[in-house]
2 protein chains.
Amino acid sequence: MDVDAYMAERIPLVDAAIEARISAFANAPEPIPERLLGAMRHLLFPGGKRLRPLFALAAAEAVGGPAQAALPLAVAVEMIHTYSLIHDDLPCMDDDVLRRGRPTVHVAYDEATAVLAGDALLTEAFAVLAAGADAESATEAPTRILAVARLAAAAGAKGLVGGQVDDLAFEAGGSPEGTVHAWLASIHARKTAALFQASIVAGAALAGATPVQRSRLEAFGRDVGIGFQIADDLLDADSEEAASILRLQGIDDARRGAEGLLDRALEEIEGWGEAAEPLRVLARFSIRRRR
Amino acid sequence: MDVDAYMAERIPLVDAAIEARISAFANAPEPIPERLLGAMRHLLFPGGKRLRPLFALAAAEAVGGPAQAALPLAVAVEMIHTYSLIHDDLPCMDDDVLRRGRPTVHVAYDEATAVLAGDALLTEAFAVLAAGADAESATEAPTRILAVARLAAAAGAKGLVGGQVDDLAFEAGGSPEGTVHAWLASIHARKTAALFQASIVAGAALAGATPVQRSRLEAFGRDVGIGFQIADDLLDADSEEAASILRLQGIDDARRGAEGLLDRALEEIEGWGEAAEPLRVLARFSIRRRR
């Protein structure tokens, strides 16, 4: 399976689902400030490679379900990823003026709107996951609530937010006692790997994964998430922090480490057959990519 | 039933549930930055009157359930209320340095930590609602997912966040065409009433409310939420915006309007008997309070 062909087929599906959700706002009877909608859309469109949503869909297929079962999660996880970028870019955090070659949200709009657009995307992520739920008819409720729990854990104080707090502290003054390398790994695990892992595990859960499948995908997701982050550092070796990891570890060591994670991840889903091929293709792409 | 005695009994129950949730972080195996935990706690303890959580518990009782059924929601709604205060106080928004007589979070910590503490509280609110959910055993899942949906709708782009965006725009340059009074009412409905309404409806849903009960409580909750906001404006008549509402409407008119909302709200739950008495007591207190 060719990763480019797979992405070319699947990314428009994700884009359309995000677009449908955002358009539903614009057409809602309740007033939605246009400025807020614009700021929420700013980084969502045009999107990036939508890797987290694609992993959610591929995980659903890998456990024998339709990819569509994971579509609400795919939208939710991209909204959370986007909110985290908007807030990370704020003047009080990384103070970035460009993101993917375009002005960041607080530059294109203003700081208050950027904070609020992030807040809205984070909140709407959970709304998407709960959408259509009804106490009378929600046979999907148990897996939906599990997806909410998994996503909130990955995004909250133990995950994304906690990682960002420690990342800012690291940039300001270094690591606590203990090795710098382990500390940076912990920050990256929380800032990046946790959301990949949640996308994969919750995506599979929405498609009816068994407990055994879910436990395999927990391990697969953790390795792929960390491998993705190493690939990111290798691509981004001119940034100060990434360089500091690579200097500590060495570029060849880092590449070998990533390959080891990939091998271990693929072993977890060995024997899962053709249905798991998208998951394998995405794992290889994420860890070996040069772009 | 005496409102002070009721609050004296119930507030500690809410405080203990919030404390238990935050302590669970502090004792978790995953690292949680101490600075983040401190900033999350800063406005949560000591708390205010915990009105939103108390309404959630009272609504659960009113439909014949145990108050405890609504405890996860009570914690979640207070976390969301607290996150919104932290973000509203930021320099790029209302730029407040004091809240309940203490330094605001960005003053006590810093701006980045305040943004992230708000993000964490918002995320953890949904984690609390989903906690304990498991695809195998979650018989409560349908009402939990309904509570997630209701809370996310009240807090998101159509509710709290959208109201804040329009509030900032109003302070900067006034209302769109149409009457100022209706515009301010719309802002307050989204910034305040929506979360009261969600606390009441979702609290009842978690205790097994019937569709008829839920629909009555939608109306009750809307009226109580707007009535609460009018009472707030009457208490806070020295603030510029509140004064502008009261100037438009007149203080006596505002009081009469609030009493009318209270009457209508109480009619919605007429005949609900003794179990609904806490709900009535809280409604009267919220709308007639002088503190």
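A brief report on the enclosed structure follows.

What counts and how
Residues numbered from 1 in each chain as written. Chains lettered and ligands numbered in written order. Predicted model: local features only at pLDDT ≥ 70, side-chain atom pairs only at ≥ 80, totals over all residues. Heavy atoms only, no water. Helix = DSSP H or I, 4+ residues; strand = E, 2+ residues; numbered from the N terminus. Buried < 20%, exposed > 50% of the residue type's maximum accessible area, 1.4 Å probe, protein only. Contact = heavy atoms within 4.5 Å. Least-squares fit on C-alpha atoms with pLDDT ≥ 70 in both. Axes fitted to C-alpha atoms, helices over the stretch in contact; angles between N-to-C directions. Parallel < 35°, antiparallel > 145°, perpendicular 65-115°, else oblique. Left-handed = near helix turned anticlockwise from the far one by under 90°. Buried area = accessible area lost by both parts, 1.4 Å probe. Polar contact = N/O pair within 3.5 Å; in protein donor to acceptor, adjacent residues only side chain to side chain. Nonpolar A, V, L, I, M, F, W, Y, C, P; charged D, E, K, R; others polar.

1. Quick look at the environment of Ala141 of chain B
Point 1. In this fold, Ala141 of chain B is placed in helix H7 (residues 141–155).
Point 2. Accessibility expressed as a relative area gives 1% for Ala141 of chain B, which makes it buried.
Point 3. The spatial distance from the C-alpha of Ala141 of chain B to the C-alpha of Thr179 of chain B is 43 Å, given a sequence separation of 38 residues.
Point 4. If we ignore the near neighbours within four places in the chain, the residues touching Ala141 of chain B are Ala141, Pro142 and Ile145 of chain A.

2. A closer look at the relation of the copies chain B and chain A
The operation relating the pair of chain copies consists of a rotation about an axis and a translation along that axis.
Point 1. Least-squares fitting of chain B to chain A yields an RMSD of 0.0 Å, with the superposition described by an axial translation of 0.0 Å and a rotation of 180°. Here the symmetry operator amounts to a two-fold rotation axis.
Point 2. Looking at chain B, 100% of its interface residues are interface residues in chain A too, so the copies touch through the same face.

3. What about the packing of helix H6 (residues 111–130) of chain A against helix H6 (residues 111–130) of chain B?
Point 1. Relative orientation of the contacting elements H6 of chain A and H6 of chain B amounts to 20°, with a least axis distance of 10 Å. Looking at the two axes, H6 of chain A sits roughly parallel to H6 of chain B. Between H6 of chain A and H6 of chain B lies a crossing whose hand is right-handed. On H6 of chain B, the residues that touch Glu111, Asp119, Leu122, Thr123 and Phe126 of chain A of H6 of chain A are Glu111, Asp119, Leu122, Thr123 and Phe126 of chain B.

4. With respect to the interface of chain B and chain A
Point 1. Opposite the 53 residues of chain B that make contact, chain A presents 53 residues.
Point 2. In total, about 4,300 Å² of surface goes out of reach between chain B and chain A, with carbon and sulfur atoms giving 78% of it.
Point 3. Joining chain B to chain A, the criterion identifies four residue pairs in polar contact (both at pLDDT 80 or more).
Point 4. Residue assignment for the side of chain B that touches chain A shows that the elements contributing at least two residues are helix H2 (34–44), helix H4 (71–88), H6, H7, helix H8 (160–173), helix H9 (180–206) and helix H10 (211–235) of chain B.
Point 5. In terms of residues, the side of chain B that touches chain A owes the most to one element, H6 of chain B, which gives 13 residues.
Point 6. Of the residues contributing to the side of chain B that touches chain A, the split by class is 36 nonpolar, seven polar and 10 charged.

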